[in-house]
Amino acid sequence: MKIAVLAGDGIGPEVTAQAVKVLETVLAGSTELELMYAPIGGAAVSQAGDPLPDATLKIAQQADAILFGAAGMPGDESLPYAQRPGASLLRLRQALGLFANYRPAVLFPALAQASTLKPEVIGGLDMMILRELSSDVYFGEPRGERVLPSGEREGYNTMRYSESEIERIAHTAFRTARQRRKQVCSVDKANVLESMLLWREVVTRVGTEYPDVALSHLFVDAAAMAMLRRPLDFDVVVTGNLFGDILSDMAAMMTGSIGMLPSASLNQEGKGLYEPVHGSAPDIAGRDLANPIASILSVAMMLRYSFDMADQADRIERAVSAVLEQGVRTPDIAIAGQVSVGTRAMGEAIVQAIATP
């Protein structure tokens, strides 16, 4: 089992270190584990002058799966796009053909009070946001900045989708729903965007191949309202790259903190990159304050999706739940009156919960 560990910037190395400890604990004695470390993002710029060096990409390509931390630091936007530390992840996704981004939003019962939504609204949350990851405005051409005849500057990006790209993510959504509650909600903006009109048409057509799965459609603004008003109505939400980016972060706050959300990005061959949804959080980097649970749960997703090791994945998830039930909290999920612990202490508590029969 070869795992590329790309810890990256900010809190990335801190949370990834705890996730690796959990991985080593849950696999102890059961399989041979090879960890291959490589720099990415700002760390790679410092070492190699490129946020995604060829050597790092080669290691990622050779690995069976990738554990990613975070990339990007303040000032990124002032650099040319290809040199931005934060762009390294987009380049990696493109190079590996990672098109399907799974972002589960699950509320652990012990964190019901940490959510900004009322417990009676959010209790039992179990939603999967499936974000198309390889197209849309993040990769569409043309893009850039230009000076108009009037002398005014204009920035522009292109939102684009091909039929085959939409079909691919739609099939993934319906297959995923078949393993859950058999409901798919497709989110678009078909009332004003041609690319999203095509999206709705293609998803509807693909849906006819899955008569056992209920399909509904919502415009993205209506979806945002409905997800906050009735989050338990949603099972699998499939949407484009831009809308998925926004909605999944909104869903993160339903769970109590963005530090709770893992993710998996898979290509057509099933190879996956696993990462916490949160960013590099430079304001708390190096202070032992970051929540490592999203990174740890990303390891659970890795074991489940890339290695078919559901038992080990379940052990990690049960350990996280048990630690939260014990009242262990990092600052982001602590409520008034609760004592919080640091990144390392949370990781160690989860390791101990796994190791204790």
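As a starting point, this report considers the structure included with it. The structure displayed is predicted, hence computed values, not measured ones.

Moving on: helix α7 (residues 194-207). Two residues of an α-helix separated by three or four positions point the same way, owing to the 3.6 residues in each turn. Taking 1.5 Å per residue as the helical rise, α7 with its 14 residues ought to reach 20 Å, and the 20 Å between its terminal C-alpha atoms agrees with that figure. Those residues of α7 that are buried are in contact with β5 (126-132), α6 (163-178), β8 (183-188), β9 (214-219), β10 (236-239) and α9 (241-254).

Let's shift gears to unusual backbone geometry. Glu141 connects to Pro142 through a cis peptide bond whose omega is 5°. Relative to the helices and strands, Pro142 resides in the loop between β5 and β6 (144-147). You will see that Asp288, though not glycine, has its phi angle at about 60°, which is positive. Inspection of the secondary structure puts Asp288 in the loop between β12 (272-276) and α10 (293-305).

By size, the foremost hydrophobic cluster in this structure holds 86 residues, and its most contacted members are Ile3, Met127, Met227, Leu303, Ile316 and Ile350. Ranked by residues supplied to this core, first place goes to α10 with eight residues. Ala38, Phe68, Leu89 and Leu92 belong to the second largest nonpolar core, which has 16 residues in total.

Another aspect to go through is the sheet that holds β5. Adjacent strands of a sheet pair through backbone hydrogen bonds, lying either parallel or antiparallel. An order of β2-β1-β3-β12-β11-β4-β5-β10-β8-β9 is seen for the 10 strands of this open sheet, with the pairing classed as mixed. Lying at the two open borders of the sheet, with one neighbouring strand each, are β2 (34-37) and β9. Between one strand axis and the next, the sheet turns by 25° as a mean value, whatever way the strands run. Contacts between α7 and the sheet are confined to β5, β8, β9 and β10, with β9 contributing the most and set at about 170° to the helix. The sheet strands contacting helix α8 (residues 220-229) are β5, β8 and β9, and the helix crosses β9 at an angle near 110°.

The subject of this paragraph is the environment of Met36. The residue Met36 is located in strand β2 in this model. Classification of Met36 as buried rests on a relative accessible area of 13%. Separated by 183 residues in the primary sequence, Met36 and Phe219 place their C-alpha atoms 42 Å from one another. Here Met36 is in contact with Lys2, Ile3, Ala4, Val5, Ile59 and Ala63, once residues within four sequence places are set aside.

How each quantity is defined
Each chain has its residues counted from 1, running along the sequence as written. A pLDDT threshold of at least 70 governs which residues receive local features in this predicted model, and a stricter bar of 80 or more applies before side-chain atom pairs are shown or counted, although totals over entire chains, interfaces and linings include all residues. To obtain the side-chain values, all non-hydrogen atoms of the structure were included, while hydrogens and water were left out. Under the DSSP-based scheme used, a helix requires at least four consecutive residues in state H or I and a strand at least two consecutive residues in state E, with every element numbered from the N terminus. To estimate the expected span of a helix, count its residues, drop one, and scale the result by 1.5 Å. Any two residues having at least one pair of non-hydrogen atoms within 4.5 Å are treated as being in contact. What makes a nonpolar core is a set of buried Ala, Val, Leu, Ile, Met, Phe, Trp, Tyr and Cys residues whose side-chain atoms join them at distances within 4.5 Å. Summary of the burial criterion: residues with accessible area below 20% of their type's maximum are buried, those above 50% are exposed, and those between are partly exposed, where the area comes from a 1.4 Å probe applied to protein chains only. What makes two strands pair is DSSP finding at least two bridges between them. Only the stretch in contact is used when fitting a helix axis, every axis being a line fitted to C-alpha atoms; angles between N-to-C directions are given from 0 to 180 degrees.

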